[in-house]
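Residues per chain are reported as follows:
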Amino acid sequence: MTISLPSNAALLFCLITGLFLRPEASAGQDAGVAEPLESEAPQAREWYTAPFLDFWGAAKDFGQATWLVASAPARLDRDSGLKLGSVVLVGGALFAFDQEINDALDATANPDGSGGFLRRVGDFVEPMGLQGNTNVYFAGASVLGYLTRQDWIKNPAKQILYSQWIGGLGRQIVGYVVGRHRPSEGRGPYAFEFGEGTSFPSGHSAVAFELAYVLSHHIDRWPASLLLYGLAGTLAFQRVDSNSHWASDAFLGSAWGYFVAKTVVASEESDRVAMEPMIDVGSGRSGMGVRIRF
């Protein structure tokens, strides 16, 4: 088994800078809301403790987002179940016609493989689907936003990093178990081998839709959303057109990326889960741990 990972230095850089950054607490309180008890008051933020408190807060945010993604099946209701069923249905239909779709794209391609507007745009944006290419820029943007206290820079970059880390881990696990072989290997759409194939799901497509969702959410303008999702769709098309993935791989990868990014953004804007450090010095024993509140 071979799993590609970033270098230790790059991984450490991303972890430290990304987890360091957390939205600041609201500066004020709504009128009529009681002041917190002294035991519930925020910890003092001296210049020498603020970075450590921010790091802990960001780690809590990341843990909360990871938990919400991992526990999503336990929270399925009627609406989310219907959405999941629709995604599975479309993915299944594409799976049934993966070979036909692949053959049709081959038949319409120019001999040099560069014909068509979608192909040209897809080839142009393809590098954006590689986390190894983009993580360092988003980590840098997070640091810049943190140091300058510009949340409009810091928050989207941090949420993109979280989405890519959580989504990437999920793809690694599923891809290893499913082991689907790529079209370029010439073994057909039904070639699965545990721990060997790397076609399902499409990582490029997932990353593209993670970017599209987070940026679209923060920009909140329909022309920007149209452009971002259009580029993401073009990148997903490129993965199929280039014989790198089957159509079902690209579609389900896109759906996974969208879901992860949406969950990460929602977790940043809610307080459904709280993780707190805990020190127990009573009952003749002492210890440290983490308490999770729902």
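A word on the side chain of S225
Phase 1 of the analysis: Secondary-structure assignment places S225 in helix α9 (residues 222-241).
Phase 2 of the analysis: Classification of S225 as buried rests on a relative accessible area of 17%.
Phase 3 of the analysis: A distance of 2.4 Å separates polar atoms of two side chains, one belonging to S225 and the other to S216.
Phase 4 of the analysis: The contacts of S225, once residues within four sequence positions are left out, are S216 and G230.

Re the packing of helix α7 (residues 151-178) against helix α10 (residues 247-268)
Phase 1 of the analysis: Direction vectors running N to C along α7 and α10 enclose 135°, while the axes themselves pass 9 Å from each other. Classified by the interaxial angle, the pair formed by α7 and α10 is oblique. At the point where α7 passes α10, the crossing takes the right-handed sense. Between α7 and α10, the contacting residues are K158, Q159, Y162, S163, I166, G167, G170 and R171 on the first element and W256, V260, A261, V264, V265 and E268 on the second.
Phase 2 of the analysis: When the residues that make up the contact of α7 with α10 are grouped by side-chain class, the tally is 7 nonpolar, 4 polar and 3 charged.

A closer look at α7
Each α-helix winds once per 3.6 residues, and so residues spaced three or four apart point in a common direction.
Phase 1 of the analysis: Its 28 residues place the ends of α7 39 Å apart at the C-alpha level, agreeing with the 40 Å of an ideal helix rising 1.5 Å per residue.
Phase 2 of the analysis: Once α7 finishes, G179 follows within two positions and takes phi at roughly 60°, a positive value.

Some details on the nonpolar core
Phase 1 of the analysis: Counting 19 residues, the largest nonpolar core has F138, I166 and V264 as the members making the most contacts within it.
Phase 2 of the analysis: Elements supplying a minimum of two residues to this core: α2 (50-70), α6 (131-148), α7, α8 (203-219) and α10.
Phase 3 of the analysis: Ranked by residue count, the leading element in this core is α7, at 6 residues.
Phase 4 of the analysis: Ignoring any residue separated from it by four or fewer positions in sequence, one finds F138 in contact with A157, I160, L161, Q164 and L211.
Phase 5 of the analysis: Counting 7 residues, the second-largest nonpolar core is a separate cluster that includes A208, A212, L228 and L235.

Describing the pattern of salt bridges
Phase 1 of the analysis: For the structure shown, the criterion picks out 9 salt bridges.
Phase 2 of the analysis: Residues E268 and K158 are paired through a salt bridge, measuring 2.7 Å at the closest nitrogen-oxygen approach. With E268 in helix α10 and K158 in helix α7, the pair connects residues that are 110 residues apart, well separated along the chain. The same class applies to E268 and to K158, which are both buried.

Re the side chain of D54
Phase 1 of the analysis: With respect to the element layout, D54 can be found in helix α2.
Phase 2 of the analysis: The class of D54 is buried, set by a relative accessible area of 5%.
Phase 3 of the analysis: Within the structure, the side chain of D54 is placed 2.4 Å from the side chain of Y146, a separation counted as a polar contact.

Some thoughts on unusual backbone geometry
Phase 1 of the analysis: Here the bond from F200 into P201 is cis, since omega is -10°, no more than 30 degrees from zero.
Phase 2 of the analysis: For P201, the location among the structural elements is in the loop between α7 and α8.
Phase 3 of the analysis: Even without being glycine, R149 reaches a positive phi, approximately 60°.
Phase 4 of the analysis: Within the secondary structure layout, R149 lies in the loop between α6 and α7.
Phase 5 of the analysis: The phi angle at D220 is positive, at roughly 55°, despite the residue not being glycine.
Phase 6 of the analysis: Considering the arrangement of structural elements, one finds D220 in the loop between α8 and α9.

The rules behind the values
Residues numbered from 1 in each chain as written. Predicted model: local features only at pLDDT ≥ 70, side-chain atom pairs only at ≥ 80, totals over all residues. Heavy atoms only, no water. Helix = DSSP H or I, 4+ residues; strand = E, 2+ residues; numbered from the N terminus. Buried < 20%, exposed > 50% of the residue type's maximum accessible area, 1.4 Å probe, protein only. Polar contact = N/O pair within 3.5 Å; in protein donor to acceptor, adjacent residues only side chain to side chain. Contact = heavy atoms within 4.5 Å. Axes fitted to C-alpha atoms, helices over the stretch in contact; angles between N-to-C directions. Parallel < 35°, antiparallel > 145°, perpendicular 65-115°, else oblique. Left-handed = near helix turned anticlockwise from the far one by under 90°. Nonpolar A, V, L, I, M, F, W, Y, C, P; charged D, E, K, R; others polar. Expected span 1.5 Å × (residues − 1). Core = buried A, V, L, I, M, F, W, Y, C linked by side-chain atoms within 4.5 Å. Salt bridge = Lys/Arg side-chain N within 4 Å of Asp/Glu carboxyl O.

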